[in-house]
Amino acid sequence: MITMKIEDVYIWDINARWLGVTPYQLMENAGASVARVIEEKFGKNLKIAVFCGTGNNGGDGFVAARHLSYENDVTVFLIGEEVKIRSEEAKLNWNILKNLDFVKIKVLKDSSQIRELDLSEFDIIVDALLGAGTRGKPREPIKSAIEKINEYSGKVKIVSIDLPSGYPSEIRVKADFAVTFQWDKEEFKDFKRIIAKIGYPKELKYLVGPAHVKFAYKRKGEHKGQNGKLLIIGGSENYYGAPVLAASAAKHLVDLVFLLLPQNAARRVNDPDLIVREVDGLNFTPEHIKSALELVEKVDAIVIGPGIGVREETKEFVKGIIERVEKPIVVDADGLKIIAEFKDILKGKEIVLTPHAGEFKLLFGEKVPEDLVEKGKVVMRRAKEIGATILLKGKYDVISDGKVWLYNKTGNRGMTTGGTGDVLAGTVGAFLALGNKALKAAAAGAFLVGFAGDLVMEEKGEAFTARDVAEKIPIALKKIIEF
Ligand SMILES: NC(=O)C1=CN([C@@H]2O[C@H](COP(=O)(O)OP(=O)(O)OC[C@H]3O[C@@H](n4cnc5c(N)ncnc54)[C@H](O)[C@@H]3O)[C@@H](O)[C@H]2O)[C@@H](O)CC1
Ligand SMILES: [K+]
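Small disclaimer: the values here were computed from a predicted structure and weren't measured.

Q: Can you help me understand the overall build of the chain in this one?
A: Along the backbone of the chain there are 18 helices and 18 strands. For the chain, the residues scored as buried account for 56% of the 483 residues in total. Within the structure as shown, the chain displays about 21,300 Å² of accessible surface, and the carbon and sulfur contribution to it stands at 48%. Averaging the coordinates of the 71 positive side-chain charges in the chain and doing the same for the 68 negative ones gives two points 1 Å apart.

Q: Teacher, can you tell me more about the packing of helix H11 (residues 289-296) against helix H12 (residues 312-324) here?
A: For any two helices packed against each other, the geometry comes down to the angle between their axes and how far apart the axes lie. Running from amino to carboxyl end, H11 crosses H12 at an angle of 40 degrees, the nearest separation of the two axes being 10 Å. Between H11 and H12, the angle falls in the class oblique. Both H11 and H12 take part in a crossing whose hand is right-handed. Listed contacts from H12 to Ile 289, Ala 292 and Leu 293 of H11 are Glu 316, Phe 317, Gly 320, Ile 321 and Arg 324. Split by residue class, the contact of H11 with H12 holds five nonpolar, one polar and two charged.

Q: Before we go on, may I ask you to explain the packing of aromatic side chains in this structure?
A: What describes a pair of aromatic rings is the distance from one ring centre to the other and the angle between the planes of the rings. Under the defined criterion, the tally for this structure stands at 15 aromatic pairs. Between Trp 18 and Phe 451 the ring centres are 5.8 Å apart and the planes differ by 75 degrees, which places this aromatic pair in the edge-to-face class. Taken together, the residues Trp 18 in helix H1 (residues 6-18) and Phe 451 in helix H17 (residues 438-460) connect sequence positions 433 residues apart. A residue is classified by how much of its surface remains accessible, and Trp 18, at 32% relative accessible area, is partly exposed. We classify Phe 451 as buried; its relative accessible area is 12%. When the ring of Phe 42 is compared with that of Phe 177, the centres are 6.3 Å apart and the planes differ by 20 degrees; the resulting orientation is stacked. Taken as a pair, Phe 42 in helix H2 (residues 23-42) and Phe 177 in strand S7 (residues 177-181) lie far apart in primary sequence, 135 residues in all.

Q: Is there a simple way to think about the UniProt feature "binding site: K(+)" (unreviewed entry) in the chain in this case?
A: The UniProt record marks Asn 57, Asp 127 and Ser 165 with the feature "binding site: K(+)" (unreviewed entry), using the residue numbering of this structure. Their sequence span is 109 residues, while the largest C-alpha to C-alpha distance among them is just 9.3 Å; these annotated residues converge on one region. Here Asn 57 shows up in helix H3 (residues 56-69). Judged by its relative accessible area of 8%, Asn 57 is buried.

Q: How should the coordination of the potassium ion (ligand 2) be read in this particular structure?
A: Octahedral metals with six donors have ideal donor angles of 90 or 180 degrees. Tetrahedral metals with four donors have an ideal donor angle of 109.5 degrees. Taken together, Asn 57 (OD1), Asp 127 (O), Leu 130 (O), Ile 161 (O), Leu 163 (O) and Ser 165 (OG) make up the full set of protein donors to the potassium ion (ligand 2), lying 2.6 to 3.2 Å away. Here the potassium ion (ligand 2) is ringed by six donor atoms whose angles at the metal span 70 to 175 degrees, and the overall shape comes out irregular.

Q: Help me understand the pairing of strand S6 (residues 157-161), please; the structure alone is not making it clear to me.
A: Counting buried residues along S6, four of its five residues qualify, which places the element largely inside the surrounding structure. Pairing analysis gives four bridges linking strand S5 (residues 124-128) to S6, with the strands arranged parallel. When the bridges of S6 are listed, Ile 124 appears paired with Lys 157. Traced from S5 through helix H6 (residues 142-150) to S6, the parallel crossover comes out right-handed.

About the cut-offs
- Per chain, residues are indexed from 1 in the order of the written sequence.
- The naming scheme follows written order: chains are lettered A onward, ligands numbered 1 onward.
- Only residues with pLDDT of at least 70 are given local features in this predicted model, and only at 80 or more are side-chain atom pairs given and counted; all residues enter the totals for whole chains, interfaces and linings.
- Processing note: side-chain calculations cover all non-hydrogen atoms of the structure and skip hydrogens and water entirely.
- Going along the chain from the N terminus, every DSSP run of H or I of four or more residues is numbered as a helix, and every run of E of two or more is numbered as a strand.
- Burial status follows relative accessibility: with a 1.4 Å probe on protein chains alone, a residue under 20% of its type maximum counts as buried, one over 50% as exposed, and anything between as partly exposed.
- Only the protein chains shown count as cover for residues, and all accessible areas are computed by the Shrake-Rupley method using a 1.4 Å probe.
- Only four residue types enter the charge count, namely Lys and Arg as positive and Asp and Glu as negative; His and the chain termini do not.
- Here the site of a charge means atom NZ of a Lys, CZ of an Arg, CG of an Asp or CD of a Glu.
- For helices, the fitted line uses only the C-alpha atoms of the stretch in contact; every axis is such a line through C-alpha atoms, and the angle between N-to-C directions lies from 0 to 180 degrees.
- Here is the rule for angles: anything less than 35 degrees is roughly parallel, anything more than 145 is roughly antiparallel, 65 through 115 is roughly perpendicular, and the remaining ranges are oblique.
- Should the near helix be turned anticlockwise from the far one by less than a right angle, the crossing is termed left-handed; should it be turned clockwise, right-handed.
- Note on definitions: a residue-residue contact is assigned when non-hydrogen atoms from the two residues lie within 4.5 Å.
- Side-chain classes follow a simple rule in which Ala, Val, Leu, Ile, Met, Phe, Trp, Tyr, Cys and Pro form the nonpolar group, Asp, Glu, Lys and Arg form the charged group, and the remainder, Gly included, forms the polar group.
- Note on aromatic contacts: the rings of Phe and Tyr and the six-membered ring of Trp form a pair at centre separations within 6.5 Å, being stacked when their planes are under 30 degrees apart, edge-to-face when over 60 apart, and tilted otherwise.
- UniProt positions are given in the numbering used here, feature names are shortened, and annotations may be inferred rather than shown by experiment.
- Here a donor is any nitrogen, oxygen or sulfur atom (N, O, S) within 2.8 Å of the metal, with 3.2 Å used for Na, K and Ca; water is not among the atoms considered, so some sites may look incomplete.
- The rule is simple: four donors are tetrahedral if all their angles sit between 85 and 135 degrees, four are square planar and six octahedral if opposite donors span more than 155 degrees and the others lie between 65 and 115, and anything that fits none of that is irregular.
- What makes two strands pair is DSSP finding at least two bridges between them.
- Crossover handedness is defined here as right-handed if the route from the first strand over the helix to the second strand goes clockwise, with the strands pointing away from the viewer.

Written out as structure tokens, the structure reads:
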């Protein structure tokens, strides 16, 4: 059983929808599982009261009531107004109940009506008043319903759906147990739970989906610079395009992108969206460490490596930077070849390495297995060993921080085109600059870039460029946020 935070539950919810699992299916399974647990524990031919709120916890109650009504005598108490039933799936299940003659329905809006209730005829009370959407202490009329149910504690069996309504407030239903769904939630510590599966596929433990991007794209402020500042260090006598591509992706996601390049490379950049800084000479050398660190002071995260070359003096430079920088870092391309020799300097830093299979082999002397699960395990073992997050690029990207592993399957064959790796490095860097932990930044970056690539392919077929992918990032992001 895995233990999750409620935020993770919402991630599952959105990613399940991405896989085509509808909220209707989940609600049906949730309500049905509650009915099944009740019948297994207490038998049939019982008088059952189901107390429902107007949120989706109440929706689960409507479904449970229908399932239970086949063999039991069921009364549904809706606490609140019918018009306040919020979601489409809860409305649908409420409307079904209204068609039924064998389920009794009572709508109670006023606390006084609730206080007058006599529930002594019932064998079981099902509590579906409030669930994971609870904010603050229970308010009327829910509060009176909780108090009414608690009058029967010890006399009537009380089963809560998902959690005892009111929780975590002290004003909560005194349930015999709760039927909680699929994941055991970290926040739920002090009540008895039975965990029921509701049809979330196993993929959700591992698969990166749009929710990872939604939650990682956190914009904090209205002022320039509050929404991330990224520095990209790269380029050499031979290359200037790679760091520029990384920047051209990142600039859509953060407020400011600084580019630090050797002189000749810097003078070829012509993009007014970027803040270009240069160091003397054709390549980075240890003499440039000081001026690079001054720039690091101004930003939230850095990307190092694209097009930087592997000359001896450049290796010294890259090592010197990684050793000294305490901010989150993405190491890509030539940077990976360089740190293959100094992997021990990564420990304890918020750092993402973005190798493809060849670079992975170079880094760890190990071939990447074909099988996804095996691959996940290998990447996780290596991430743990070096104390950094690894994003292994491939048909399916595999990501691990050494504690868990994830995979991403957006992207397509067209993305073998040169430069998409730079776009990815810049995008992951941007998510780090927005304040995400390495694993979350890597996951969000992999999904977003692959999805942008998929949108480009729909438009142009497979013959596209990395720049096309970088330019598609805003549209890809918009579609994900609206999903
Ligand atoms: N993937 C999912 O998210 C699934 C959720 N399901 C159910 O949906 C529940 C969450 O549903 P919702 O997000 O609609 O939230 P809830 O049903 O927990 O409650 C939201 C409703 O209660 C009201 N409310 C919130 N705090 C209150 C307070 N302190 N006093 C009085 N009223 C208050 C809100 O105005 C809202 O109408 C879960 O607990 C679970 O039972 C299941 O259907 C299965 C799938
Ligand atoms: K509940």
